[in-house]
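Understanding the architecture of this molecule
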Number of protein chains: 2
Amino acid sequence: MKKNSLKSLFNPASIAIVGASGKKGKIGNIIMENIMKLGYGGDVFLVNPSCKFIKFKRCHPSLGSIGKKVDLAIICVPAKFVIDVVKNGAKNAKNFVIISAGFSETGKEGAKREKELLAIAKKNNINILGPNCLGFIVPKIGLNASFAAGMPDAGNIAFVSQSGALAVGFMDKAKEEHLGFSSVISIGNKMQLGESELLEYLAEDRETKVIGMYLEGIKDGKNFSEIAKKVSAKKPIVILKAGKTAKAQQAISSHTGALAGSDEITSAVFEKIGIMRADNLDEFFDLLQLISFTDAPKSKNVAVVTNAGGAGVLATDSFKGKEIELAEFVKNEKENLRRNLPAEASVENPVDLLGDAEEIRYQKTLEILNNEKMGCILCLLTPQQQTPVEKISEILKCEKAKNKALIAAVFVGGERVEDSIADLKKNNVPCFSDPQSAVDAIDKYYKWNVAEKSAPKKLAEKNSLERKKQSNEIISKALADGRKALFFPEASEVMEKFGVKCVESYGIKPGDGVPEIKNYPVVLKVDSDKVLHKSDKQALILDIKNKEALELELKKLRKNFPDEHFVVQPMMERKTEIILGIKKDAIFGPVVVYGLGGIYTEVFKMVDFLVLPADFDEIKKNVMKGKLRFLFEGARGQASYNIEEFARILKGVADFARKNDKVREFDVNPLFIYNDGREALAADVKIIL
Amino acid sequence: MKKNSLKSLFNPASIAIVGASGKKGKIGNIIMENIMKLGYGGDVFLVNPSCKFIKFKRCHPSLGSIGKKVDLAIICVPAKFVIDVVKNGAKNAKNFVIISAGFSETGKEGAKREKELLAIAKKNNINILGPNCLGFIVPKIGLNASFAAGMPDAGNIAFVSQSGALAVGFMDKAKEEHLGFSSVISIGNKMQLGESELLEYLAEDRETKVIGMYLEGIKDGKNFSEIAKKVSAKKPIVILKAGKTAKAQQAISSHTGALAGSDEITSAVFEKIGIMRADNLDEFFDLLQLISFTDAPKSKNVAVVTNAGGAGVLATDSFKGKEIELAEFVKNEKENLRRNLPAEASVENPVDLLGDAEEIRYQKTLEILNNEKMGCILCLLTPQQQTPVEKISEILKCEKAKNKALIAAVFVGGERVEDSIADLKKNNVPCFSDPQSAVDAIDKYYKWNVAEKSAPKKLAEKNSLERKKQSNEIISKALADGRKALFFPEASEVMEKFGVKCVESYGIKPGDGVPEIKNYPVVLKVDSDKVLHKSDKQALILDIKNKEALELELKKLRKNFPDEHFVVQPMMERKTEIILGIKKDAIFGPVVVYGLGGIYTEVFKMVDFLVLPADFDEIKKNVMKGKLRFLFEGARGQASYNIEEFARILKGVADFARKNDKVREFDVNPLFIYNDGREALAADVKIIL
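Because the structure is predicted, anything quoted here is derived from the model rather than measured.

This paragraph deals with the interface of chain B and chain A. Contact with chain B, which involves 77 residues of that partner, is made by 78 residues of chain A. In total, chain B and chain A occlude about 6200 Å² of area from one another, counting both sides; carbon and sulfur atoms represent 60% of this. Where chain B touches chain A, the interface holds zero salt bridges. Where chain B packs against chain A, one counts 18 residue pairs in polar contact (both at pLDDT 80 or more). Here the side of chain B that touches chain A is composed, by residue class, of 35 nonpolar, 21 polar and 21 charged.

Considering soluble globular proteins, one finds that nonpolar side chains tend to be buried as a cluster. Formed by 231 residues in total, the largest nonpolar core has its most connected members in Phe136(A) and Phe136(B). Apart from the residues within four sequence positions on either side, Phe136(B) is in contact with Leu9(B), Phe10(B), Leu72(B), Val97(B), Leu129(B), Leu143(B), Asn144(B), Ala145(B), Ser146(B), Val184(B) and Ile185(B). Residues Ile475(A), Val663(A), Val500(B) and Leu671(B) belong to the second largest nonpolar core, which totals 112 residues.

The next point concerns the relation of the copies chain B and chain A. With an RMSD of 0.1 Å, chain B superimposes on chain A once it is rotated by 180° and translated 0.0 Å along the axis. Put plainly, the chains are arranged around a two-fold axis. When C-alpha distances to the rotation axis are compared across chain B, the minimum falls at Phe604(B), with a value of 3.5 Å. Same-surface contact between copies: 100% of interface residues of chain B are shared with the interface of chain A.

Residues and elements named next belong to chain A. Under the domain assignment, chain A is made up of domain 1 (7-242) and domain 2 (297-450). Taking only C-alpha atoms into account, the centre of domain 1 sits 41 Å from that of domain 2. Counting residues at the interface gives seven residues for domain 1 and five residues for domain 2. When the buried area of domain 1 at its contact with domain 2 is split by residue, Glu177, His178 and Pro236 rank highest and sum to 75% of it.

It is worth spelling out the packing of aromatic side chains at this point. Per the counting criterion, the structure on display carries 31 aromatic pairs over all chains. A ring pair is formed by Phe170(B) and Phe284(B), whose centres lie 5.4 Å apart and whose planes are at 55°; its orientation type is tilted. Highlighted residues: Phe170(B) in helix H5 (residues 164-176) and Phe284(B) in helix H10 (residues 281-293), separated in sequence by 114 residues. Of the residues examined, Phe170(B) reaches a relative accessible area of 2% and is grouped as buried. Take Phe284(B): its relative accessible area is 0%, and that puts it in the buried class. Taken together, the ring pairs connect Phe159(A), Phe170(A), Phe181(A), Phe284(A) and Phe285(A) into an aromatic cluster. Sitting over the ring of Phe488(A), Lys525(A) keeps its end group 5.7 Å from the ring centre.

With 94% of its residues at a pLDDT of 70 or more, chain A shows a mean pLDDT of 90. Across the predicted assembly, pTM comes out at 0.91 and ipTM at 0.90.

Time to look at the environment of Ile265(A). Residue and element names in this part refer to chain A. Within the secondary structure, isoleucine 265 is located in helix H9 (residues 263-273). For the pair isoleucine 265 and lysine 651, spaced 386 residues apart in sequence, the C-alpha to C-alpha distance is 18 Å. Not counting the four nearest positions on each side in its chain, isoleucine 265 is found in contact with Lys583, Asp585, Phe588, Val591 and Phe609.

For the rest of this paragraph, the subject is the sheet that holds strand E14 (residues 276-277) of chain A. Paired through backbone hydrogen bonds, the strands of a sheet run either parallel or antiparallel to each other. All names here are of chain A. Read from one edge of the open sheet, seven strands run E9-E8-E11-E10-E12-E13-E14, paired in mixed fashion. Every other strand in the sheet has two partners, leaving strand E9 (143-146) and E14 as the edge strands with one partner each. The pairing of strand E8 (residues 135-138) with strand E11 (residues 181-186) spans two bridges and is classified as antiparallel. Bridged to phenylalanine 136 within E11 is isoleucine 185.

The rules behind these values
Residues numbered from 1 in each chain as written. Chains lettered and ligands numbered in written order. Predicted model: local features only at pLDDT ≥ 70, side-chain atom pairs only at ≥ 80, totals over all residues. Heavy atoms only, no water. Contact = heavy atoms within 4.5 Å. Buried area = accessible area lost by both parts, 1.4 Å probe. Salt bridge = Lys/Arg side-chain N within 4 Å of Asp/Glu carboxyl O. Polar contact = N/O pair within 3.5 Å; in protein donor to acceptor, adjacent residues only side chain to side chain. Nonpolar A, V, L, I, M, F, W, Y, C, P; charged D, E, K, R; others polar. Core = buried A, V, L, I, M, F, W, Y, C linked by side-chain atoms within 4.5 Å. Buried < 20%, exposed > 50% of the residue type's maximum accessible area, 1.4 Å probe, protein only. Least-squares fit on C-alpha atoms with pLDDT ≥ 70 in both. Domains from an automatic or database assignment. Phe/Tyr/Trp six-rings, centres within 6.5 Å; stacked < 30°, edge-to-face > 60°. Helix = DSSP H or I, 4+ residues; strand = E, 2+ residues; numbered from the N terminus. Lys NZ or Arg CZ within 6 Å of the ring centre and 35° of its normal. pLDDT = per-residue confidence, 0-100. Pairing = 2+ DSSP bridges.

The following block contains the structure:
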């Protein structure tokens, strides 16, 4: 039902403009003019209690007085009047666009107003875009329901922007770049309709081939992830997500009150769900152009064809670290190229057609290479004395029309190439300013295309309820005792239920003597949530050789830490240390973080993220394409570590993370893993409640 | 004397065109037309033995028959005639540009021809640009001595290109971007005049403010480094160096026969000598525009001013990992901004002027922030309904003229901003397409500006001759024995002379019994250049507890490695392992490579380069800004390692590298370093001859 209603929001048969005005420069006037003069064919009603007519058109005092229902009401009255307008108009319109500012972006007062508005929307089952937005534009039906000037070209890009001002610049640039839009939607404060709702709507929108979003924050990351994963399986999504740095996050919260999550987690989530993340504005344009104009490359093989050796070398450089690669030409192709090109030309990849190449060399070469096995042909050109730029671009258009390899162009130049570039773009041949940006964009598009498109599996879990119950009992007991953390013996009991084996340990309560221990040497540690970095605070004594020494050390420690619990463990051989834990991301919820441990964890930053939910196979894949892969492959003659075991442990941690919302922080540090058949063992587990 | 002669090459009073032709489309015709019709005011002589006149202008049969000397002869006859032309013409011209292809780029035959040509040049003390080049252009004197079309604008950029075809595209694009050139020089095969010679010339050229180079290879890296360091201390050098990947290196060697060095070393060298390296073509343009238009920022403080919050957030993101940073405004500035901007505007950095900002808000804001303490003001704009784009660009021009902070612009848009962008560029206000590219370029310019501009110091070395003599004796003896490597005891003797202390060791020759050793446990290793990865080939036995065990192990090892030497060393505590050695780079000569050792060296890639020569202070700085810095700072409560000691060791290795050209490969692996006062010790040293 929601989908239907969004359809009538963005394709309304009738529109009322509440706050329409005859006064030039006022938002209500700009929007009225945009709707009435740029080709919209539906019914338009003006609403403004203080006028009877605006430019000879009748003006209604309220939505109710129009006398019939409208599909869409656009509100551009001051914030203080908005709630009444919506409340009273809810029976006359089911879709509202609220242009007016003065809501949550302005502080407490505004936030209260916004909350009230949302309640009205829910109660009346109406849709509201905004508040504090630019409006939206659907070029195909000539509808500019915004206060941005002009009408972008119709096309297949849906552009959703959390910044109205950026959307304006974007549309202006898009016109020059011959990019067309199915819709441009400014989401403002995203009170009700945000990125998730629009993804769902646009996924079904036939006019939309690619969804581009500029976002500063993401609302309800879990819901967003689920929807985006489904949508990206059939339509490419490109997101320019701002807020990478702490400073940027500050700018955001003062800008729209959006909450920005940790940037690395955002990237991990985007990768998991198949969203192409644009690194900057230029790349965002490049990706939208590429996807709008052409289908994804069918293979990773790329041929580079150039009339300038130097450009070919630069293109070759660009493949560093990419999945797409310079194709190895087959014998037949090489011979064919050799027959058709001058002796000095290079028939290796990049194919160097030489500086005096006319269109025929491009044509022959493209005809030979434009086949089903070639993913992409990247055509480079510099406008030399003898270069027939226009004729060569005709060849490219012609080869593009064959619909085999992806044809893309980099014409390095100015005046001598600009008309041809424009013509290529009009004919949907993607053009880039630099071989590097071409290869970057094509690589992302290729990766999106080959990413697994399967829907997330339902995870079957054995004994799930039982172990949840047991672990909850332990946690509840600790909470009842007024504690903020589990003692190590408790934590290890919980962990073992989730498949993480912990080192044998002996708890020492206040007043207890030393326990009977068979095997020395041992380690003695303070077991308290008040002592976090044990090695820093001298709360950890290593290599205690016998019972007498243990007694002595315990006595010493008790002086510094009276009333604390202690724990004794066998001294472990320090081999490979892993750190793993849960980061509760403000946007996306719990994410498993795992990496190489030891004192240099922060220096090496060999850390990966596991975005939940994830089944066993997915976890294995996540590890094997991540930074810890080297451990499980066997580097430099080392026996490899056990990936099955490690994935099982991660799975246990992931299950624990999802089952226990009382746990505030959680980490295993270190987990010792071995490559000699011994079992992995957690030496310390911290469960903070 | 050379500088003088290059001056008459690029500013000739008279030119002879050898191979001039009346036939349209021929290179000799294009060059003739370019020289005669685009404004060159000097004397021009045509040379072609098969014509008497070309277009009513007299044609001479040879250079000699002109009857007087010319400053410059441009040769565009087929390769086979070039040598005779130059040989016979050497007394009539002291500068030659050889356009003709068919030299070293074509293979053996051509390389031979080129060698002969070089010999003639040396013998006759003449300058030759090329062969296989496009020629050159000096716009200020209206001289287009190339076969590229048109005349770029005169300006302060000297552009040197190893690819003529790329230069053509570059000039075309530059016109559109309002970039002007002091000269455009195609260096072709760089037979005699290459990047180093041109750097020297352009350093003295008053018209040149910034030198931009596209290079595929570098000739004589040592000489280049020395010259570039001197030049970059006074003029910025921007280099787009192609050949980053192995594939690219292949493309190069088939392209111009240039030898590409390892890309990481190139970057390290560029950084050391103060060259700005452009990562790609777009960045190359951005940097040249920036430097051509404006002086470097005087401080790292950047203010961002925007009429679109989103653009401000994106700009903030761009500062991640940069040295320049968002300025903290002082109280006075904030108050002043507050007074002059609407209440909803943000007076934090980025300053958000709001979507309805007219020129007055930009003006007030820039007036407040444009002062001596502000390094740069980055002005962002999207063309919204109320945005007076032209008027705002007038403000920017005006503020730029005050010559305080660097003023740069990012106008995101198309038609509505393009005229203003063009106008800004004409007025030397640098414009970028994206906040990210603006920040990238400004950061590189800033770093260049604050880099140390001191000339390399002469290194005083103590006992330098003596230790060289002693180590040479050891090496010579090994060579006389027909060995390709030193035995460990020899290598450690050599190393100790250069200040690298090695672990105590006992050599065992074939036939020897086990030596008397005081302290067990020990390690037994095969000591041979034939066994490189000892742990892989089981040529290393650890933790031998006593003499009997040692005898047994030696016996076993001797079965597998008869006739080899062995070495016994005390078992070392594995603490922090360092690997260091020398990489003899094909271009830049010996470079010291040092990094974290251990089995995961390749995985962690915690490796830095020390480009030689380097004195003690420079070595310390190199370590402390590199990847191993964490060791010497004390991470996570660890005691820090001894930087003085480590720098001394690196210095010793560097000295050894520079003194011993008989050493082919050399590494110390591992070097154990300690943070508890113990001395660093090399456990293995490989010196391959």
